[in-house]
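Notes for the structure review
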Amino acid sequence: MSVIEKLSIISDTITKLMNFVITDEEVKKDFDEYLSAVSGGNQNRTQALIIPYIFERRLREERKPIIKLFEEKNTDLSKEEKEILKEMETSFSSVFEVRRILSNGFELYNLVNEKLYKILSLVKMNNFRGITPGQFIVCRIFQAKEEFYLLEISNVISSINKEDVYKYAIARIIEKPEEAYEQNPKKKEQIENLVKDFGKKFIECFDNDEVITTNHKADNLINLFNIYCDENILPSKEDIEKNKEQVENNRYFTVSDFKNSYSDFMEKSLEGFSSHNSTYDIGIIYDKELGLFVLPFYQTLCKIYETDDYKSIQGYKDCIKSFLENDKVPANIIQRLADKYPNFMERTNEILSSSYNLNELLAFYKSDSQEKKIFSSASVLYASKIFEQMMNVVNNKEEIKHKEGIDYSKVGRNDPCPCGSGKKYKKCCMPKY
């Protein structure tokens, strides 16, 4: 099959998928609800949202991908179309730096997984006249055989807004850490080695693979561990013990502080758990396969299985559901609880009015983390170049704020540079800060 023939089949298949979404009775109903929720019912955004919907949405109780539903309901698909659909299931969206404009596509560097891609466009390149090297784009790509193809570009970001790009890339890693290594075997190997190394250090640091404290002390314990990892300075037993803390009463509730907007999530994250007004328990857990997890209400969850009078624990049912339904809590953590508490399944079924065995429970709630290895976000960030660069930017800003007489934080890009060079800020110190 020639490149032109393949491009034609891919384009035709995408068109069929789009038509399926807006014509199939079952899917159209869900898409209309999705469109209403995401865009406030703005029909002008249908085209922009239909690709993310196709590749990210799952329907029915078994959470079936749209592509699978399309295949089920279109039994006359050709062999080539079925092959393309299978390849499209590997598609992913990420943030890229534009390195080169090619005659038939782009050379893009993925900030999330630190890999360079040559991407073929499905449309004529004159549709992308406004995109230039040095800019950043948020786009979705997929691999077919040895080639990568561009499905959509959802955003183009100026090189001036590098800090916003860094924030977006880090947000992607936090949301889906697997995106940082699934397409990059070298990065995966690096993370695996880091997880093993840090796992040993965690045990050396805390004499256990889990530590319980409250949100007011958790940042201190994490910082002690970070210092040991970075500088090989083992904290004293006294420093560790004084930062272990118990809540007065174990209870589960909604913590509003977790709901940070995209624009300030980095700042909120840097403030840490101690900045939260509420007091709640936190489990700092090290899984030998997946890395470091910081889990609010972990001790409360444990208490549900440790006490006969579990109904006295406020929010006990919501607590269990939050751990089962949260994609950031992998199957390994649930397996840990099942190994720790012989009554785990009996009590879980009693509370949820269900009749699962452990394998069924994991298959229903944690299928993604069973199907593929998903390292903790914290462990992936430890190995991320973009996170390191972002921390340097933040630290530089903090240093600048404390420089007597010079505060760059409120300088406009066209203002004279406060350093006294006589140049405009954008042509002088702005790239540094």
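Anyway, here's the lowdown on the structure attached to this text.

Analysis parameters
- Residues numbered from 1 in each chain as written.
- Predicted model: local features only at pLDDT ≥ 70, side-chain atom pairs only at ≥ 80, totals over all residues.
- Heavy atoms only, no water.
- Helix = DSSP H or I, 4+ residues; strand = E, 2+ residues; numbered from the N terminus.
- Buried < 20%, exposed > 50% of the residue type's maximum accessible area, 1.4 Å probe, protein only.
- Contact = heavy atoms within 4.5 Å.
- Areas by Shrake-Rupley, 256 points an atom, 1.4 Å probe, with all protein chains shown as cover.
- Pairing = 2+ DSSP bridges.
- 1 Å grid on protein atoms, 1.4 Å probe; cavity = no way out; pocket = protein on both sides within 12 Å on 5 of 7 lines; lining within 4 Å.
- Points joined across faces, edges and corners; volume = space filled by probe spheres on them.
- Nonpolar A, V, L, I, M, F, W, Y, C, P; charged D, E, K, R; others polar.
- Phe/Tyr/Trp six-rings, centres within 6.5 Å; stacked < 30°, edge-to-face > 60°.
- Lys NZ or Arg CZ within 6 Å of the ring centre and 35° of its normal.

Broken down by element type, the protein carries 18 helices and 10 strands. Expressed as a percentage of the 433 residues in the protein, the buried residues total 46%. The long-range fraction of contacts in the protein, counting pairs at least 24 apart against all pairs at least 6 apart in sequence, stands at 61%. A total of about 23200 Å² of accessible surface is found on the protein, and carbon and sulfur atoms cover 46% of it.

Okay, the pairing of strand β10 (residues 291-296) next. Across the 6 residues of β10, 5 count as buried, placing the element largely inside the fold. Inspection of the sheet shows strand β9 (residues 281-287) paired to β10 by 6 bridges, in the antiparallel sense. Within β10, the position partnered with Gly-283 by the bridge is Leu-295. Between β9 and β10, which pair antiparallel and follow one another directly, the connecting turn spans 3 residues.

So, on to empty space enclosed by the protein. In total, this model carries 1 cavity of 30 Å³ or more according to the counting rule given. One number sums up the size of the largest cavity: a volume of about 40 Å³. Lining the largest cavity are Leu-301, Tyr-305, Ile-320, Phe-323, Leu-324, Ile-334, Leu-337 and Phe-344. Secondary-structure elements contributing two or more residues to the lining of the largest cavity are α11 (298-306), α12 (316-325) and α13 (331-340). Of all the elements, α12 adds the most residues to the lining of the largest cavity, at 3 residues. The class makeup of the residues in the lining of the largest cavity is 8 nonpolar, no polar and no charged.

Right, let's talk about the packing of aromatic side chains for a bit. This model, assessed by the stated rule, comprises 26 aromatic pairs. Ring centres 4.9 Å apart and planes at 70° place the aromatic pair Tyr-181 and Phe-375 in the edge-to-face group. Taken together, the positions of Tyr-181 in the loop between α6 (162-175) and α7 (185-206) and Phe-375 in the loop between α16 (367-371) and α17 (377-382) put the pair 194 residues apart, joining distant regions of the chain. An identical accessibility class is assigned to Tyr-181 and Phe-375; each is buried. Grouping aromatic residues by their ring pairs yields a cluster made of Phe-198, Phe-202, Phe-206, Phe-225, Tyr-286 and Tyr-382. The ring of Tyr-228 is capped by Lys-201, whose NZ or CZ atom sits 4.8 Å from the centre of that ring.

As for its placement among the helices and strands, Leu-120 is situated in strand β5 (residues 115-121). The exposure class assigned to Leu-120 is buried, which follows from its relative accessible area of 8%. Note: C-alpha distance between Leu-120 and Ile-141 (21 residues apart in sequence) is 9.2 Å. Apart from residues no more than four positions distant in its own chain, Leu-120 is found in contact with Asn-104, Gly-105, Glu-147, Phe-148, Tyr-149 and Leu-150.

A positive phi angle, close to 70°, is found at Arg-60, a residue other than glycine. With respect to the element layout, Arg-60 can be found in the loop between β1 (58-59) and β2 (64-65). What makes Arg-60 partly exposed here is its relative accessible area of 36%. A positive phi angle, close to 55°, is found at Ser-353, a residue other than glycine. Exposure remark for Ser-353: the relative accessible area of 67% places this residue in the exposed category.

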